[in-house]
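Report on the structure
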Amino acid sequence: LKEKERAGYYENVDKLKESKDFSGLLSSREQSLFSVNRAKDLIEVLELWVEGGKRVITVANRKVVLRDKPNPYAHGMYPFIGAAPIPDLFRIPGISVVELVEDLQKMLWKIQRNRHDNLDMINNGIVLIRDDVLDRDGFIFAPGENWLVPDKDAVSMIEMPTFPAQISVEAENMLKQDIQGIPGASPALQGQADQTAQTATEVSLLSNLAQRRLAMEKAQFTIADTEVAEHWIELNRQFLSEDRYVGIVGEGGEEGWKLVHPDQFKDYRWQVDVDSIDESLMRQEKLAEATSRFQ
């Protein structure tokens with residue numbers, strides 16, 4: 001912080017007399033697993049971009065303002081790009097695939113736990129002894145033991161019903177299919193034998209839906225790359241002050257060098273276009289259309 005203060009970025013660094021631990025307000029994997037606090041003896045620095053990115057405020061230890069200045073970049077936008085495969089409103093991280101199937105996974109675990117509890121009860125045999133039998137403690141449950149009974153119905157093993165386990169397995173299979181269907185992880189797409197009786201049309205439909213879902217997730221990162229490229233061009237327009245050579249790759253993988261002038265960014269309007277679909281997926285769709293026409 002003192003080095004950045006000498007460079008003119010920050011001020012009021014001397015007001016930070018000591019470090020302050022904010023680990024209680026945050027949860028980290030290192031803290032929960034290994035009891036290690038990565039923030040120990042450090043100073044917390046928060047950088048806030050407010051007013052739509054027009055102003056940047058830097059706060060240390062939640063009380064000392066190190067910087068409160070206008071946006072130093074000429075483009076006037078936030079100097080970072082948020083990307084997630086499944087975007088969410090008003091949130092940077094977005095929605096993960098695990099979050100989509102979290103409730104279903106908890107339901108699956110609950111049913112499996114109940115089935116295992118029932119299995120323990122079934123495996124522990126219960127002996128039925130008629131109430132007129134006197135020496136009940138003489139029946140020792142062990143291999144090779146002899147039980148003397150007046151008739152065969154005096155002592156018997158209880159027959160536990162097995163249909164709860166069968167119902168549980170059916171419910172678990174349905175939940176597993178739902179968990180696989182939401183992210184598009186169908187066994188047919190992974191080259192595995194599908195346990196359900198699905199026709200070729202159903203498998204093809206699942207494959208197309210999964211490919212479309214994956215293509216939409218990839219498109220989010222393509223859009224983010226586009227915004228990064230636009231920011232990059234604007235930064236070149238602002239900070240590139242002298243000619244420089246840039247390595248390029250031409251047709252056939254041939255490498256070369258190109259001289260870039262600062263006026264190229266200042267005198268022209270640059271635009272980055274995003275292809276709606278990548279080449280591999282487009283070839284797959286063309287192949288599927290040709291195959292269907294042939295059939």
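A few points on the structure.

Procedures and definitions
- Residues numbered from 1 in each chain as written.
- Predicted model: local features only at pLDDT ≥ 70, side-chain atom pairs only at ≥ 80, totals over all residues.
- Heavy atoms only, no water.
- Core = buried A, V, L, I, M, F, W, Y, C linked by side-chain atoms within 4.5 Å.
- Buried < 20%, exposed > 50% of the residue type's maximum accessible area, 1.4 Å probe, protein only.
- Contact = heavy atoms within 4.5 Å.
- Helix = DSSP H or I, 4+ residues; strand = E, 2+ residues; numbered from the N terminus.
- Expected span 1.5 Å × (residues − 1).
- Arc of directions from axis to C-beta.
- Pairing = 2+ DSSP bridges.
- Phe/Tyr/Trp six-rings, centres within 6.5 Å; stacked < 30°, edge-to-face > 60°.

A separate point is the nonpolar core. In terms of nonpolar packing, the biggest core is built from six residues, these being Y10, V13, L16, A60, V64 and L66. When sequence neighbours within four positions are dropped, the list of residues in contact with Y10 reads L1, K4, E5, T58, L66 and R67. Core analysis: the second largest hydrophobic core is formed by five residues, V101, L108, L175 and I179 among them.

For the rest of this paragraph, the subject is helix α4 (residues 102-123). In a regular helix each residue adds 1.5 Å, so 22 residues correspond to 32 Å; α4 covers 31 Å between its end C-alpha atoms and thus fits that length. For α4, the full list of buried residues reads L104, L108 and Q112. Buried residues of α4, viewed axially, fall in a sector of 65 degrees; they line one side. Across from the buried face of α4, at angles greater than 90 degrees, the exposed residues are D103, K110 and M121. Along its buried surface, α4 packs onto α5 (163-181).

Burial analysis of strand β6 (residues 244-249) places just zero of its six residues in the buried class, a small minority of the element. Two strands pair when backbone bridges link them, and β6 and strand β7 (residues 255-260) are joined in this way by six bridges, in the antiparallel orientation. Within β7, the position partnered with G247 by the bridge is W257. Where β6 folds back onto β7 in an antiparallel hairpin, the turn is made up of five residues, including G252, whose phi is positive at roughly 70 degrees.

Enumeration over the complete set of coordinates arrives at two aromatic pairs. Pairing Y73 with F239 gives two aromatic rings, centres 6.4 Å apart and planes at 80 degrees, and the pair type is edge-to-face. On the criterion of sequence distance, the pair formed by Y73 in the loop between β3 (64-70) and α3 (97-100) and F239 in helix α6 (residues 200-239) is long-range, its members being 166 residues apart.

For the rest of this paragraph, the subject is the side chain of S168. Mapped onto the fold, S168 is located in helix α5. Not counting residues up to four positions away in its chain, the partners in contact with S168 are I111 and R115.

So, about the environment of N118. Relative to the elements of secondary structure, N118 occurs in helix α4. As a C-alpha pair, N118 and P161 span 43 residues in sequence and 10.0 Å in three-dimensional space.

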